[in-house]
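Understanding the architecture of this molecule
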Number of protein chains: 2
Amino acid sequence: MKKKGTSHMNPINTSTQPMGSKVLAGDIGGTNARLAVYQLKPDGLELVIQKSYPSSEMTSLEQVVAHFLESHQLTCDAACLGLPGPQSQPGVYNLTNLPWLVEAERLYPALQTRKLVLVNDVEASALGVLGVPADDLFCIHDGKPDPDGNRSVISVGTGLGVGILSPSGRASATESGHGTFAPQNDFDVALMKHLQKKFGHVSWERVASGSGLPWIHAFLVNGESRLTAAEIAKQSENNEACAKTLEKFLQYVGSVAGSIALTQMATGGVYFCGGVANKMFTPKRTSIIREAFLEKGRMKPILERMPLYIIKNENLAIIGAAQRALSLV
Amino acid sequence: MKKKGTSHMNPINTSTQPMGSKVLAGDIGGTNARLAVYQLKPDGLELVIQKSYPSSEMTSLEQVVAHFLESHQLTCDAACLGLPGPQSQPGVYNLTNLPWLVEAERLYPALQTRKLVLVNDVEASALGVLGVPADDLFCIHDGKPDPDGNRSVISVGTGLGVGILSPSGRASATESGHGTFAPQNDFDVALMKHLQKKFGHVSWERVASGSGLPWIHAFLVNGESRLTAAEIAKQSENNEACAKTLEKFLQYVGSVAGSIALTQMATGGVYFCGGVANKMFTPKRTSIIREAFLEKGRMKPILERMPLYIIKNENLAIIGAAQRALSLV
């Protein structure tokens, strides 16, 4: 695994935005709500201040936004917030894992601007690929990227979120993680049957995400797993069931990424991000992912040309949201 | 199954093209090479003449193009040819199932114009969705299409070709058909194991295409199948193995379409086309496809909003190529 020396990214064109413009960017998750203000400087967007609030202590998003801006005596020219879950109507989000309804209308007073866009957090992360510092980008397979190709952005966190980034820089969230799990051998088939009893349809998210690790582990130990994803990863060095769990998980991540890359025609590259990707993809393990990624029979030569990256940056969605906000100024 | 009364399509904007412009459109397949000339009239593109040549009797594509234009004393202002197989270099195609190399450079003299684009045939079919007559479009599931959503175009022919059509009208071919087959039950798992012995990696194309039908049938009769896809379909009315083959095939087509639709986020709709889709999807059978399409657990409500269509038109790729050619004028 090596760091990229220089960026090949295409950050948003800032030539038409007024220098000094300030934008509010947010990444609202079930555990934390992160808010940041960025300012446009000659070299690009520069972070002014970022704060994290425990989501459980927040009564409403508009209250936190108002508190954040007021306590730092900041204003913004535009804002973009990345939110978990689907948009139920234009400008309205029902949050996953949070008991709030987020509406653009209610946020305008706190922001003192109507230049606001609410996006899915996977879309924000996909946009973040365009602006992430080159130092945070680890290449785990070289390839020959096509600059005019799509890019797949695969967020391995509690769930499995997948976005497409088009060559023009348009990002969209998809529901790839809910495609049907494709077992390949007797172990996979037995795991699928076990999970079908619990869930009916077994999606990729059930095995190739942070929530998937305990499901695989529970199957392996013939019962309920009391270990978290992080504990399984930690114990994998000296516990057989944990080691096997991690190995299968990494194979599934690689395999689903290969099918996604073929379906989204990600000749521009495949980017892994998210909390689990951030923490668990060590150099030793990336070869398992790579091997499973390439194992698509006659398509192997096409997949070999697609570079694979891991983005180690917890603020990817914030970076993407800041760029999207800047495009509104 | 019902015909659409009116078209909801967005054919190419012809307001900037000179009236009377003539374009050459081609769909070059392993069996037939179809060539057509269209002319721009106030109502849109109108077919002037179309001819089909047996591919096996052609020595080169440039020769046939020259013969076609000369014998009908026609000229063209631009051309687009849909070709099977991947582009090996810009403007160069190595054809699948045909011993030719197709190069743009060699076609210019025959066309008497350099306004030529070579596209993958799946891309041409996807573009054809924008211009196909409303009468050829059969809705097999209603849904609530998002006009700003992607559309998936799934060509079920000898192979399984899959394109994406973006809301802006940009089409691209993908390799979704080579994603990993996802068996769901004991029958599927046994079929997978049988096919793994032959192919190693078992892709969706091995079971959800015209080539897939004889593979499923052979597995069911414990040996080699001597029946073609068309014969299996025909005999499915009074032969148990053929009936079961067809049922499994339709389930696989529906299931892979559902996973593709989630991965491409085809909120604009899913369109089946191609030789097998043209002939085999009768009203009686479409409910099997629809049911398998929707069976993605928690994502069912999202899939239910995606309309499903079958396009019964053998000239879809020609229609798409004609539109693409017109954009060059």
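Rules and cut-offs
- Residues numbered from 1 in each chain as written.
- Chains lettered and ligands numbered in written order.
- Predicted model: local features only at pLDDT ≥ 70, side-chain atom pairs only at ≥ 80, totals over all residues.
- Heavy atoms only, no water.
- Least-squares fit on C-alpha atoms with pLDDT ≥ 70 in both.
- Contact = heavy atoms within 4.5 Å.
- Pairing = 2+ DSSP bridges.
- Helix = DSSP H or I, 4+ residues; strand = E, 2+ residues; numbered from the N terminus.
- Axes fitted to C-alpha atoms, helices over the stretch in contact; angles between N-to-C directions.
- Buried < 20%, exposed > 50% of the residue type's maximum accessible area, 1.4 Å probe, protein only.
- Salt bridge = Lys/Arg side-chain N within 4 Å of Asp/Glu carboxyl O.
- Polar contact = N/O pair within 3.5 Å; in protein donor to acceptor, adjacent residues only side chain to side chain.
- Nonpolar A, V, L, I, M, F, W, Y, C, P; charged D, E, K, R; others polar.
- Parallel < 35°, antiparallel > 145°, perpendicular 65-115°, else oblique.
- pLDDT = per-residue confidence, 0-100.
- Domains from an automatic or database assignment.
- 1 Å grid on protein atoms, 1.4 Å probe; cavity = no way out; pocket = protein on both sides within 12 Å on 5 of 7 lines; lining within 4 Å.
- Points joined across faces, edges and corners; volume = space filled by probe spheres on them.

1. Brief notes about the relation of the copies chain B and chain A
Superposing chain B onto chain A takes a rotation of 180° combined with a translation of 0.0 Å along the rotation axis, leaving an RMSD of 0.0 Å. What the rotation and shift describe, once combined, is the action of a two-fold rotation axis. Residues of chain B ranked by C-alpha distance from the rotation axis are headed by alanine 182 of chain B, positioned 1.9 Å from it. When the interface residues of chain B are mapped onto chain A, 100% of them are again interface residues, pointing to one common binding face.

2. A look at the sheet that holds strand β5 (residues 78–83) of chain A
Sheet strands associate in pairs through backbone hydrogen bonding, adopting either a parallel or an antiparallel arrangement. Residue and element names in this part refer to chain A. Strands sit in the order β4-β3-β2-β5-β9 across an open sheet of five strands; the sheet is mixed. In the strand order of this sheet, the two ends are held by β4 (44–54) and β9 (116–120), each with one partner. Put simply, the sheet's adjacent strands are angled 15° from each other on average, direction ignored. Against the sheet, helix α2 (residues 104–111) contacts β2 (22–28), β5 and β9, and its axis sits at roughly 130° relative to β9. Strand contacts of helix α3 (residues 121–128): β2, β5 and β9, with the helix running at about 100° to β9, the strand carrying the most contacts.

3. Here we look at the sheet that holds strand β6 (residues 87–89) of chain A
All names here are of chain A. The three strands are arranged β6-β7-β8 in an open sheet whose pairing can be described as antiparallel. The open sheet has two edge strands with one neighbour each: β6 and β8 (101–103). Within the sheet, the average angular offset between the axes of one strand and its neighbour, ignoring direction, is 35°. By the bridge criterion, two bridges tie β6 to strand β7 (residues 92–94) in an arrangement that is antiparallel. Each bridged residue has a counterpart across the sheet, and for glutamine 87 the counterpart in β7 is tyrosine 93.

4. Notes on the environment of arginine 170 of chain B
Looking at where arginine 170 of chain B falls in the secondary structure, it is placed in the loop between β12 (160–165) and β13 (171–174). Assessed through its relative accessible area of 41%, arginine 170 of chain B is described here as partly exposed. Considered as a pair, arginine 170 of chain B and leucine 127 of chain B are 43 residues apart in the sequence and their alpha carbons are 7.7 Å apart. Residues in contact with arginine 170 of chain B, not counting those within four places in the same chain, are Asp148, Asn150 and Pro167 of chain A together with Ile164 and Leu165 of chain B.

5. Regarding the pairing of β2 of chain A
Residue and element names in this part refer to chain A. The element β2 is extensively covered by neighbouring structure, given that six of its seven residues are classed as buried. Direction of pairing for β2 relative to strand β3 (residues 32–41): antiparallel, over a ladder of seven bridges. Within the sheet, the bridge partner assigned to glycine 26 lies in β3 and is leucine 35. In textbook terms, the turn of a hairpin is the stretch between consecutive antiparallel strands, and for β2 and β3 this stretch comprises three residues. As paired elements, β2 and β5 share five bridges and run parallel to each other. Pairing of valine 23 across the sheet is with alanine 78, part of β5.

6. Examining helix α5 (residues 212–220) of chain B
All names here are of chain B. With respect to burial, α5 is a largely interior element, seven of its nine residues being buried. Looking at α5, one finds that the buried residues are Gly212, Leu213, Pro214, Ile216, His217, Ala218 and Phe219. The inward-facing, buried residues of α5 contact α4 (186–199), α6 (229–235), α7 (240–264) and α8 (275–280).

7. What about the interface of chain B and chain A?
If you look at the interface, chain B gives 39 residues, while chain A gives 39 residues. For the pair chain B and chain A, the interface holds four salt bridges. Note that aspartate 186 of chain B and lysine 193 of chain A form a salt bridge whose closest N and O atoms lie 2.4 Å from each other. Seen at the junction of chain B and chain A, the total is 18 residue pairs in polar contact (both at pLDDT 80 or more). Taken together, the elements giving at least two residues each to the side of chain B that touches chain A come down to β13, α4 and α7 of chain B. When residues in the side of chain B that touches chain A are grouped by element, the largest group, six residues, is from α7 of chain B. Considering only residue class, the side of chain B that touches chain A consists of 13 nonpolar, 16 polar and 10 charged.

8. Quick word on the pattern of salt bridges
Counted under the stated rule, the structure contains 23 salt bridges over all chains. Here lysine 284 of chain A makes a salt bridge to glutamate 237 of chain A, at a shortest N to O gap of 3.6 Å. A residue pair is termed long-range when its members are at least 10 positions apart, and lysine 284 of chain A in helix α9 (residues 283–294) and glutamate 237 of chain A in the loop between α6 (229–235) and α7 (240–264) qualify at 47 residues. Considered together, lysine 284 of chain A and glutamate 237 of chain A belong to a single accessibility category, that of exposed residues. As a salt-bridge pair, aspartate 27 of chain B and arginine 34 of chain B come within 3.9 Å of each other at their nearest N and O atoms.

9. Quick notes on the packing of helix α4 (residues 186–199) of chain A against α4 of chain B
One way to put it is that α4 of chain A packs onto α4 of chain B with a least axis distance of 12 Å and a crossing angle of 170°. Put simply, α4 of chain A runs roughly antiparallel to α4 of chain B. Facing α4 of chain A, whose interface residues are Asp186, Val189, Met192 and Lys193 of chain A, α4 of chain B presents Asp186, Val189, Met192 and Lys193 of chain B. Its residues placed into classes, the contact of α4 of chain A with α4 of chain B shows four nonpolar, no polar and four charged.

10. Here we look at the environment of glycine 274 of chain B
Residues and elements named next belong to chain B. Inspection of the secondary structure puts glycine 274 in the loop between β14 (269–273) and α8. Glycine 274 gets classed as buried once you look at its relative accessible area, which sits at 16%. Once the C-alpha coordinates of glycine 274 and serine 166 are considered, the two residues, 108 residues apart in sequence, prove to be 20 Å apart. Non-local contacts of glycine 274, meaning those with residues more than four positions away in its chain, are made with Ser155 and Val156.

11. A short note on the confidence of the model for chain A
Scored by pLDDT, chain A has a mean of 91; 96% of the residues are at 70 or more. In this model, residues 1–10 of chain A is a region of pLDDT below 50 whose contacts with residues beyond four sequence positions or in other chains number 34 contacts.

12. Details of the domain arrangement of chain A
According to the domain assignment, chain A contains domain 1 (2–129 + 315–326) and domain 2 (134–311). Its C-alpha centre places domain 1 of chain A at a distance of 27 Å from the equivalent point of domain 2 of chain A.

13. Looking at empty space enclosed by the protein
Per the counting criterion, the structure on display carries one cavity of 30 Å³ or more. Lining of the largest cavity is provided by 18 residues; of these, Trp204, Ser259 and Thr263 of chain A together with Trp204 and Ser259 of chain B occupy positions nearest its centre. Looking at the lining of the largest cavity, the elements with two or more residues in it are α7 of chain A together with α7 of chain B. Grouping the constituent residues of the lining of the largest cavity by class yields eight nonpolar, 10 polar and no charged.

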